[in-house]
Amino acid sequence: MAGKTLYDKLWEDHLVAENDDGSALIYIDRQLLHEVTSPQAFEGLRIAGRKPRRLEANLATPDHNVPTTDRTNGIADPVSRIQVQTLDDNCDTYGVTEFKMDDIRQGIVHIVGPEQGYTLPGLTMVCGDSHTATHGAFGAMAFGVGTSEVEHVLATQCLRQKKMKNMLVRVDGELGTGVTAKDVVLAVIGEIGTAGGNGHAIEFAGSAIESLSMEGRMTICNMAIEAGARVGLVAVDDKTIEYVKGRPFAPKGEQWDMAVEAWKDLHSDADAEFDRVVELKAEDIIPQVTWGTSPEMVKPVNGNIPNPEKESNPVKKEGIERALQYMDLKADTPITSIPLDKVFIGSCTNARIEDLREAAAVAKGRKVSPSIKQAMVVPGSGLVKEQAEAEGLHTIFTEAGFEWREPGCSMCLAMNADRLESGEHCASTSNRNFEGRQGQGGRTHLVSPAMAAAAAVHGHFVDVRELELDKELAKVSEVH
Amino acid sequence: MEAFTQHTGLVVPLDRSNVDTDAIIPKQFLKSIKRTGFGPNLFDEWRYLDHGEPGMDNSKRPLNPDFVMNKERYQGASILLARENFGCGSSREHAPWALEDYGIKAVIAPSFADIFFNNCFKNGILPIILDHTTMDTLFEQTEANEGFKLDIDLDKQTITMPNGDVISFDVEPDRKHSLYNGLDDIGITLQQEDAIAEYEAERSKRAPWLFSS
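Everything numeric here is computed off the predicted structure, so don't read it as measured data. (Residues numbered from 1 in each chain as written. Chains lettered and ligands numbered in written order. Predicted model: local features only at pLDDT ≥ 70, side-chain atom pairs only at ≥ 80, totals over all residues.)

1. Notes on the environment of F38 of chain B
Thinking step 1. Assignment of secondary structure puts F38 of chain B in the loop between α1 (21–24) and α2 (44–47).
Thinking step 2. Counting along the chain gives 122 residues from F38 of chain B to T160 of chain B, while the straight-line C-alpha distance between them is 30 Å. (Helix = DSSP H or I, 4+ residues; strand = E, 2+ residues; numbered from the N terminus.)

Put into structure tokens, the structure is as follows:
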């Protein structure tokens with residue numbers, strides 16, 4: 001019999017019951033809550049007269065709506081204010097631990113979870129947010145759910161699920177200078193498409209993935225959903241355990257030793273069989289830039305915008321034509337000629353300390369191009385912000401002409417005041433380039449933090465590999 | 001949740017692939033703390049020519065005459081045809097809430113994104129997967145025949161065309177059962193309380209660090 005994949009192990013470990021109708025009841029160890037997808041879940045509990053089954057299995061923080069400017073006067077937008085207030089009220093009423101807006105630990109849920117050691121290897125974890133796949137970087141089965149399932153987990157600590165198929169994405173070799181985790185995951189999405197991972201849990205493996213820091217692995221798993229997969233995974237190794245050790249919610253003492261022993265099995269067996277295997281060579285990956293309105297519409301920075309006339313599939317051809325029209329771009333022109341208006345460095349994909357160091361290594365000693373209307377850096381949490389300031393990164397950014405903001409989701413989805421105006425092009429370290437995602441009529445280009453910083457400095461995309469970087473910062477940020 | 005047993009309705013063809021949930025219901029409407037009222041803002045950025053914000057009187061906003069759902073012949077449609085990977089992106093359940101509030105009972109496409117597909121079943125909407133050839137036929141027939149309706153029978157798992165042709169579709173038994181009977185999923189799970197408690201007791205021995213706070 002073939003061995004088990006990491007996903008198989010996590011699934012079996014959380015199986016409460018297998019039902020006759022082919023569904024399974026799966027135990028959910030922990031849930032993250034934020035203000036956008038939880039109010040209706042709490043309301044559902046209230047209407048049904050139910051209570052959260054295990055309070056300690058939930059951690060909340062507001063992130064989508066919070067302002068990234070001065071917060072001393074609260075939230076100006078009354079609708080956003082009510083939503084954040086509703087989260088506060090629900091958490092207070094039921095006794096759920098919440099890092100409120102004025103707490104230094106507040107931030108984007110997917111940055112806060114790992115930072116606090118609330119995310120642990122071997123867990124099942126959900127959140128009413130598709131980027132929950134991020135936590136799979138710790139060898140945890142983590143996936144996004146809708147609000148009905150948020151309520152389901154609150155009430156029962158379980159979900160009715162179907163087992164997914166197993167996909168292995170293997171990236172072997174050594175990543176080149178200036179090539180980051182973001183470029184790897186964009187290249188993967190370009191390869192398999194935005195629906196390529198539908199119905200699958202993707203395990204990312206290979207020497208290039210192993211060599212990544214935990215931050216890099218989180219960036220990769222974060223965007224598994226952009227390839228259609230609800231679950232992204234990386235096997236547990238020494239880096240995982242080292243990262244978790246000593247964090248506030250991590251096990252301590254004897255329990256720590258016991259946990260580490262249990263976590264050592266969190267990898268796919270050597271003879272495990274996957275339903276699909278995709279292999280990429282690290283050496284083939286160069287910095288990536290999306291040109292269109294789906295993350296699969298991606299090209300290397302030295303490439304050209306595609307020509308729909310060369311596409312034989314009529315649905316894809318129409319998709320390219322529609323995207324070119326929306327993005328106001330011309331076929332066969334270089335990626336480096338795309339005009340840019342704004343730059344956004346942030347989001348659950350790329351707002352961890354390493355991402356900020358990577359961008360700072362490019363920004364140091366340089367200035368944002370006068371043709372860029374706004375360049376902003378939004379740390380992923382209050383603690384990331386504090387750490388960055390302790391390292392002096394904020395000074396590097398502000399001296400270069402970037403705005404240094406308070407933590408939150410910000411312009412990734414523009415639910416707060418940070419957004420693109422219609423027609424503006426933005427170099428963004430976020431995860432989605434859908435129409436209107438960063439503001440109605442806005443045009444998003446997804447890139448790594450280093451590429452975004454380089455674009456800010458030059459006013460257009462450049463190949464970050466050709467820039468001289470601050471050596472010290474480049475070293476710590478692994479942009480070697 | 002409202003049960004879905006049988007439905008006959010007007011069909012509207014949305015001939016686009018990779019329709020994401022940001023397009024189905026843009027982010028500014030996600031600030032609502034209610035489950036209802038999202039219908040007027042379904043596909044807001046495609047449907048209207050101006051920028052929509054919560055609280056606007058949508059009846060006074062300029063409609064985009066080129067958007068298929070605004071065409072006179074598709075008014076009152078309750079079955080949506082779409083292309084590959086419908087509902088990709090964000091997990092927002094506001095997307096099926098908006099479809100449901102608008103009056104959509106079923107979405108037919110060659111494939112769906114996983115989270116959206118799952119969310120539909122929680123809200124009385126039947127997502128149906130059909131092969132590309134059948135989808136092409138449905139798109140052609142809908143566009144060629146004004147007032148084109150389909151009759152969907154969940155129990156029999158069939159779609160009947162106006163000419164009497166019958167298309168069969170698959171649906172997982174557990175999802176079918178819940179949707180057909182309009183069941184409360186949480187209620188069903190709570191019936192397995194003994195199994196959950198037994199699992200927790202066992203897991204708290206294996207992984208005590210998850211149970212000690």
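2. A few points about the packing of helix α12 (residues 353–363) of chain A against helix α14 (residues 393–400) of chain A
Two measures define how a pair of helices packs: the angle their axes make with one another and the distance between the axes.
All names here are of chain A.
Thinking step 1. Two numbers describe how α12 lies on α14: the axes approach to 9 Å, and their chain directions differ by 45 degrees. Judged on the interaxial angle alone, α14 and α12 are oblique. When you trace α12 past α14, the crossing you get is left-handed. The segment α12 lies against α14, with L356, R357, A360 and A363 engaging L393, I396, F397 and A400.
Thinking step 2. Of the residues belonging to the contact of α12 with α14, the class tally is 7 nonpolar, no polar and 1 charged. (Axes fitted to C-alpha atoms, helices over the stretch in contact; angles between N-to-C directions. Parallel < 35°, antiparallel > 145°, perpendicular 65-115°, else oblique. Left-handed = near helix turned anticlockwise from the far one by under 90°. Contact = placed C-beta atoms within 7 Å. Nonpolar A, V, L, I, M, F, W, Y, C, P; charged D, E, K, R; others polar.)

3. With respect to the nonpolar core
Thinking step 1. Counting 207 residues, the largest nonpolar core has V231 and A456 of chain A as the members making the most contacts within it.
Thinking step 2. Each residue touching V231 of chain A, except ones within four places of it in the same chain, is listed here: Y7, A133, G136, M141, A142, F143, M164, A201, I202 and A224 of chain A. (Core = buried A, V, L, I, M, F, W, Y, C linked by C-beta atoms within 7 Å. Buried ≥ 20, exposed ≤ 12 C-beta atoms within 10 Å, placed from the backbone.)

4. Structural notes on the domain arrangement of chain B
Thinking step 1. Along its sequence, chain B is carved into domain 1 (6–182) and domain 2 (184–213).
Thinking step 2. The distance between the C-alpha centroids of domain 1 of chain B and domain 2 of chain B comes to 36 Å. (Domains from an automatic or database assignment.)

5. Remarks on the sheet that holds strand β2 (residues 24–27) of chain A
Residues and elements named next belong to chain A.
Thinking step 1. In space, the 3 strands of this open sheet follow the order β1-β2-β8, with antiparallel pairing throughout. A strand with exactly one partner marks an edge of an open sheet, and here the two such strands are β1 (15–18) and β8 (158–161). In this sheet, neighbouring strand axes are inclined to one another by 20 degrees on average, regardless of whether the strands run parallel or antiparallel. (Pairing = 2+ DSSP bridges.)

6. Some remarks on the UniProt feature "binding site: [4Fe-4S] cluster" (unreviewed entry) in chain A
Residue and element names in this part refer to chain A.
Thinking step 1. Within the UniProt annotation, "binding site: [4Fe-4S] cluster" (unreviewed entry) is assigned to C348, C409 and C412. What stands out for the annotated residues spanning 65 residues is how close their C-alpha atoms remain, the widest pair being 8.7 Å apart.
Thinking step 2. Topologically, C348 is positioned in the loop between β15 (342–345) and α12.
Thinking step 3. Under the C-beta neighbour-count criterion, C348 is labelled buried, with 27 such atoms within 10 Å.
Thinking step 4. Once you skip the residues sitting within four places of it in the chain, C348 turns out to touch I108, H110, I111, H131, T134, N222 and G380.
Thinking step 5. By the secondary structure assignment, C412 is in the loop between β17 (403–404) and β18 (425–428).
Thinking step 6. Discounting residues that sit within four places of it in the chain, C412 has contacts with G346, S347, S430 and N431. (UniProt positions renumbered as here; feature names shortened; annotations may be inferred.)

7. Some remarks on the domain arrangement of chain A
Residue and element names in this part refer to chain A.
Thinking step 1. Taken domain by domain, chain A holds domain 1 (6–263) and domain 2 (289–476).
Thinking step 2. Every contact between the two is made by 39 residues of domain 1 and, on the other side, 38 residues of domain 2.
Thinking step 3. Listed by contribution, the elements that provide at least two residues to the side of domain 1 that touches domain 2 are α4 (109–115), α6 (181–192) and α8 (214–222).
Thinking step 4. Looking at the side of domain 1 that touches domain 2 element by element, the count peaks at 5 residues for α6.
Thinking step 5. When its residues are assigned to classes, the side of domain 1 that touches domain 2 shows 10 nonpolar, 20 polar and 9 charged.

8. Brief notes about the interface of chain B and chain A
Thinking step 1. Opposite the 48 residues of chain B that make contact, chain A presents 57 residues.
Thinking step 2. Every element with two or more residues in the side of chain B that touches chain A is listed here: α1, α4 (114–121), α6 (173–181), α7 (185–190) and α8 (193–206) of chain B.
Thinking step 3. Per-class residue counts for the side of chain B that touches chain A are 18 nonpolar, 14 polar and 16 charged.

9. A few points about the sheet that holds strand β19 (residues 443–446) of chain A
Residue and element names in this part refer to chain A.
Thinking step 1. Strand order across the open sheet formed by 5 strands is β17-β16-β15-β18-β19, with parallel pairing between neighbours. If you trace the sheet from one side to the other, it starts and ends with β17 and β19, each paired once.
Thinking step 2. Relative to β19, β18 runs parallel, the two being bridged by 4 bridges. Across the sheet, A427 pairs through a bridge with H445, a residue of β19.
Thinking step 3. Across the sheet, helix α15 (residues 449–458) is in contact with β15, β16 (374–377) and β18; its angle to β15 comes to roughly 150 degrees.

10. Describing helix α2 (residues 39–48) of chain A
Residues separated by three or four positions in an α-helix point in the same direction, a consequence of the helix having 3.6 residues per turn.
All names here are of chain A.
Thinking step 1. Every buried residue of α2 is accounted for by P39, Q40, A41, F42 and G44.
Thinking step 2. Next to the buried residues of α2 lie α3 (78–94) and α5 (147–156).
Thinking step 3. Note on α2: the residue one or two positions beyond its end, G49, has a positive phi of about 70 degrees.

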